[in-house]
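Remarks on the overall topology
For reference, the chains in residue letters:
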Amino acid sequence: MIFDEEINQTVRYIKPSGIRKFFDIAATKKGVISLGVGEPDFITPWHIREEAIHAIEKGRTFYTGNKGLPELRKGICDYYSRRFNVDYNGDENCIVTVGGSEAIDIVLRTILKPGDEVILPTPAYVAYAAIIEMAGGKVIEVQLKEEDEFKLTPEALRKVISERTKAVILNFPGNPTGGIMTYDDYGKIVPILKQHHIFAVTDEIYAELTYEGKHCSIAVFEEIRDRVIIINGFSKAYSMTGYRVGYILAHKDIIEMCLKIHQYTIMCATTPCQYAAIEAVNNGDNDIEEMFLSFRQRRNYIVKELNRIGLKTHMPQGAFYVFPSIAITGMKCEEFCERLLEEENLALVPGNAFGDAGEGYVRISYAYSLDEIKLAISKLEHFLEKYR
Ligand SMILES: Cc1ncc(COP(=O)(O)O)c(C=O)c1O
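Here is what the cut-offs are and how they apply
Residues numbered from 1 in each chain as written. Predicted model: local features only at pLDDT ≥ 70, side-chain atom pairs only at ≥ 80, totals over all residues. Heavy atoms only, no water. Helix = DSSP H or I, 4+ residues; strand = E, 2+ residues; numbered from the N terminus. Buried < 20%, exposed > 50% of the residue type's maximum accessible area, 1.4 Å probe, protein only. Contact = heavy atoms within 4.5 Å. Pairing = 2+ DSSP bridges. Axes fitted to C-alpha atoms, helices over the stretch in contact; angles between N-to-C directions. Expected span 1.5 Å × (residues − 1). 1 Å grid on protein atoms, 1.4 Å probe; cavity = no way out; pocket = protein on both sides within 12 Å on 5 of 7 lines; lining within 4 Å. Points joined across faces, edges and corners; volume = space filled by probe spheres on them. Nonpolar A, V, L, I, M, F, W, Y, C, P; charged D, E, K, R; others polar. Domains from an automatic or database assignment. Parallel < 35°, antiparallel > 145°, perpendicular 65-115°, else oblique. Phe/Tyr/Trp six-rings, centres within 6.5 Å; stacked < 30°, edge-to-face > 60°. Buried area = accessible area lost by both parts, 1.4 Å probe. Salt bridge = Lys/Arg side-chain N within 4 Å of Asp/Glu carboxyl O.

**Comments concerning the side chain of Asn175**
Summarising the element assignment, Asn175 is placed in the loop between β5 (165-170) and α8 (183-195). Asn175 gets classed as buried once you look at its relative accessible area, which sits at 5%. Setting aside anything within four residues of it in sequence, one finds Asn175 in contact with Pro123, Ala124, Tyr125, Tyr206, Tyr321, Phe354 and Arg363.

The structure is reproduced here in structure tokens:
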């Protein structure tokens, strides 16, 4: 590239997403079946789409206030109170963002000073490490282990805390492992976060896909509440990925600072989509339930089938991903995925796209129809006959 020396060197050295890299290859081949993308396969429920259409029809197509429509912020806070027992005030504690993605970016840019360390439990969603670095922070990985059900343990957390630790990223239910943290699990790490004044940046985008019991938000722990920053959005729970609506819930002082970045870079989330989100958050509980039941059925099926064909797969407690071990093939995860794509026309994501801790695993999304999942299983079975 001709501008190598001139551009921002942090950006220059950030690796492109391992997921995208792989799907660019898949896109060049014909007839590829993909279980790679983390996007619900349902069409957004009609009553939600209708609100976006109405908003456009009525000419509600102007900027909203920077924080987002007051009715939406109130709806979001009511939703958190109703579903997760966490109370926030829509006027003070909420900003509507362009997806959870923008929320991650502006939260990290707000809290990080140059050189601050951020503890990142890995394997982790691909955006965190890149955004931490672009915000001037340093990523400190802590490996989540299958034998701990991919939970963050107090022992593991303690080992990576230093004087420079500013925040920990919590993503439970998690992408790519499907791991969750219960109230008791959080109870063990909360005193450590409190003692070291660490911000808990909790990305709860898969909260509604918690299969056993209810999702627990770390914000229920009042003793650290001031330093809890919730990131969430409409993409996964309501199948609204393309609407690009997310939000931050946090202490009002954090919100005020995040707002500065948001107002200068984004101005506001898309107006018709905010109206659709109001409908989702106020009247979408039944849609969540329907999609949840379907995902749970697919999870049960795919885990049983993967174990049957010989890929040892932990039963994920949340999200819509499984993370099987490919140890029986003796291959590295990239080699496994490349051969699978080449020989069976099946695209999965290599585990190391989510950090080095993901080596030896692949991520399979089951946000696909049962027919596609069945076809993928038969392809995998055929592949394993050759390589186990
Ligand atoms: C853990 C996690 N957080 C955030 C996002 C971003 O979601 P969006 O920007 O669509 O709200 C994703 C998308 O896959 C994700 O997996």
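**Some words on the sheet that holds strand β3 (residues 117-122)**
Strand pairing in a sheet takes place through backbone hydrogen bonds and is either antiparallel or parallel in direction. Strand order in the open sheet formed by seven strands is β2-β8-β7-β6-β5-β3-β4, and the pairing between neighbours is mixed. Strands at the two margins of the open sheet, each flanked by one partner only, are β2 (94-97) and β4 (138-143). Each adjacent strand pair in this sheet contributes to an overall mean axis angle of 20°, direction not counted. In terms of strand pairing, β3 meets β5 through three bridges, oriented parallel. Within β5, the residue paired with Glu117 across the bridge is Thr165.

**Observations concerning helix α13 (residues 370-387)**
Taking 1.5 Å as the rise per residue, α13 with 18 residues should run 26 Å; its terminal C-alpha atoms sit 25 Å apart, in good agreement. If you check which residues of α13 are buried, you get Ile373, Ala376, Ile377, Lys379, Leu380, Phe383 and Leu384. Residues of α13 that are buried make contact with β1 (33-34), α11 (285-309), α12 (333-344), β10 (346-347) and β12 (362-365).

**Here we look at empty space enclosed by the protein**
For the coordinates displayed, the defined rule picks out two cavities of 30 Å³ or more. One number sums up the size of the largest cavity: a volume of about 100 Å³. What lines the largest cavity is a set of 16 residues, and nearest its centre among them are Pro121, Pro123, Leu144, Asn171 and Phe172. Of all elements in the fold, only β3 and β5 reach the threshold of two or more residues within the lining of the largest cavity. The residue makeup of the lining of the largest cavity, split by class, is 11 nonpolar, five polar and no charged. Surrounding the second largest cavity, Glu208, Leu209, Lys236, Ala237, Ile288, Met291 and Phe295 form its lining. Inspection of the lining of the second largest cavity shows a minimum of three residues originating in each of domain 1 (9-44 + 287-387) and domain 2 (46-284).

**Thoughts on the packing of α11 against α13**
Helix packing for two helices is described by the angle between their axes and how far apart those axes are. The interhelical angle for the contact between α11 and α13, taken along N-to-C directions, is 10°, at an axis separation of 10 Å. With respect to their mutual orientation, α11 and α13 come out roughly parallel. Taking contact as the criterion, the partners of Gln297, Arg298, Tyr301, Ile302, Glu305, Leu306, Arg308 and Ile309 in α11 are, on α13, Leu370, Ile373, Lys374, Ile377, Leu380, Glu381 and Leu384. Class assignment for the residues of the contact of α11 with α13 results in nine nonpolar, one polar and five charged.

**Topic: the packing of aromatic side chains**
All chains considered together, the criterion is met by 20 aromatic pairs. Ring geometry for Phe42 versus Phe295: centroids 5.5 Å apart, planes at 85°, classification edge-to-face. One end of the pair, Phe42, is in the loop between β1 and α3 (46-57); the other, Phe295, is in helix α11, and 253 residues separate them in sequence. Each ring, one from Phe234 and one from Tyr247, has its centre 5.8 Å from the other, and the planes form 65°; the classification is edge-to-face.

**Looking at the domain arrangement of the protein chain**
Split into domains, the protein chain comes out as domain 1 (9-44 + 287-387) and domain 2 (46-284). Spacing between the C-alpha centres of domain 1 and domain 2 amounts to 25 Å. Taken together, the contacts link 36 residues of domain 1 with 42 residues of domain 2. Summed over both sides, the interface between domain 1 and domain 2 buries roughly 3400 Å², with carbon and sulfur atoms accounting for 60% of that surface. Among the residues domain 1 hides against domain 2, the three largest losses belong to Thr44, Ile288 and Gln317. Together they make up 23% of the total. Our count for the contact surface shared by domain 1 and domain 2 stands at two salt bridges.

**Some details on the sheet that holds strand β9 (residues 321-322)**
The antiparallel open sheet is built from three strands, whose spatial order is β9-β12-β11. Each having just a single partner strand, β9 and β11 (349-350) make up the two edges of the open sheet. As judged from the two bridges shared by β9 and β12, these two strands associate in the antiparallel manner. Opposite Tyr321, over in β12, you have Ser365 as the bridge partner.

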